[in-house]
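One letter stands for each residue in the lines below.
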Amino acid sequence: MCESRSADKGALVIVSGPSGVGKGSLVREVMLRDPLTRFSVSATTRAPRPGEEDGKSYYFLTNEEFLLRRAQREFLEWAEVFGNFYGTLKSEVDRLLGEGYNVILDIDTQGAASVRKLRPDAVSVFIMPPSLAELKRRIARRGTETPEVIDLRRSRAEAEMALAPEYDHIIVNDDIEIATGELMDVIAAHRAAVNSNKENAQC
Ligand code: 5GP
């Protein structure tokens, strides 16, 4: 006979994808619809973009602050992306999982590889554009990048996309409604799997 079940555990969800794929909008859409899912706010040394709030988009740190926190082992993982440091705070992830939320980590492919090793309980999802041509159009549509920067982002995108097979799931973000539903399904299925393992372990 099994013990009576305690509250459900949350799922740890890694989301990666190339710049311009619409990852941010997708994650925001999932959080609007699923009250059980939260986003882990990372620390970064990059400057805030217009509209970004400290503590909501990122914790914006100086290089010195970041390096101090890294030395104090406050990060689950960290990486250098486009010349800036980014790191996932252990405290952020542990707090949200401890409260029973599913936790989304929006991290690059290097960070994803580190978390996969450290946290085999995590599920990983790679967000793909419908095509490279469409990705380039989406980056260009932002209107802030020069043709050189578009090409740079595109070539990094190709290198990142080559790592997609290392992820548990690949979702193509052609239609945001469909992609949102697919990501929510992955999260719900993983939460159920995590909790069925826990239940079995108690029996
Ligand atoms: P952006 O500067 O456009 O917000 O993010 C640039 C890249 O850094 C994106 O690929 C994003 O997923 C990644 N990133 C954001 N936070 C973290 C983090 O905590 N760790 C790692 N490894 N990458 C991150």
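Quick caveat, the model's predicted, so the values are computed rather than measured.

Draft legend 1. Layout of the site of the ligand. Neighbouring residues of the ligand: 15 residues in total, closest Ser42, Arg46, Tyr58, Glu77 and Tyr86. A distance of 2.9 Å separates an oxygen atom of the ligand from a polar atom in the side chain of Lys23. Contacts to the ligand include Asp106, whose side-chain N or O atom sits 2.7 Å from an oxygen atom. Contact with the protein chains removes 88% of the 510 Å² of surface that the ligand exposes when unbound. Breaking the shell around the ligand down by element, the ones donating at least two residues are β5 (75-81) and β6 (84-89). For the shell around the ligand, the residue count by class is five nonpolar, four polar and six charged.

Draft legend 2. The arrangement of the environment of Tyr59 in detail. With respect to the helices and strands, Tyr59 occurs in strand β4 (residues 58-60). Every residue in contact with Tyr59, bar those within four places of it in the chain, is listed here: Val41, Ser42, Ala43, Thr44, Asp54, Leu89 and Glu92.

Draft legend 3. Geometry of the sheet that holds strand β7 (residues 102-106). Here five strands make up an open sheet; going across it, the order is β2-β7-β1-β8-β9 and the pairing parallel. Looking along the sheet, the strands with just one partner apiece sit at the ends: β2 (37-39) and β9 (169-172). Here the average twist between neighbouring strands, direction ignored, is 25°. Along the sheet, helix α3 (residues 90-98) makes contact with β1 (12-16), β2 and β7, crossing β7 at roughly 155°. On the sheet, helix α4 (residues 109-118) packs against β1, β7 and β8 (123-128) and is oriented at approximately 155° with respect to β1.

Draft legend 4. Geometry of the pairing of β5. Of all the seven residues making up β5, five are buried; the element is thus mostly covered by neighbouring parts of the structure. Relative to β6, β5 is paired through six bridges, and the arrangement is antiparallel. Residue Glu77 lies in a different strand from β6, and its bridge partner there is Thr88.

Draft legend 5. Focus on the sheet that holds strand β3 (residues 42-44). Spatial strand order, β4-β3-β6-β5: four strands in an open sheet with mixed pairing. Strands at the two margins of the open sheet, each flanked by one partner only, are β4 and β5. On average, each strand axis in the sheet is tilted by 25° relative to the strand beside it, whichever way the strands run. By the bridge criterion, three bridges tie β3 to β4 in an arrangement that is parallel. Among the inter-strand pairings, Thr44 is bridged to a residue of β4, identified as Phe60. Each of β4, β5 and β6 touches α3; the most contacted strand, β6, lies at about 30° to it.

Rules used in this analysis
- Residues numbered from 1 in each chain as written.
- Predicted model: local features only at pLDDT ≥ 70, side-chain atom pairs only at ≥ 80, totals over all residues.
- Heavy atoms only, no water.
- Near = heavy atom within 4 Å.
- Polar contact = N/O pair within 3.5 Å; in protein donor to acceptor, adjacent residues only side chain to side chain.
- Areas by Shrake-Rupley, 256 points an atom, 1.4 Å probe, with all protein chains shown as cover.
- Helix = DSSP H or I, 4+ residues; strand = E, 2+ residues; numbered from the N terminus.
- Nonpolar A, V, L, I, M, F, W, Y, C, P; charged D, E, K, R; others polar.
- Contact = heavy atoms within 4.5 Å.
- Pairing = 2+ DSSP bridges.
- Axes fitted to C-alpha atoms, helices over the stretch in contact; angles between N-to-C directions.
- Buried < 20%, exposed > 50% of the residue type's maximum accessible area, 1.4 Å probe, protein only.

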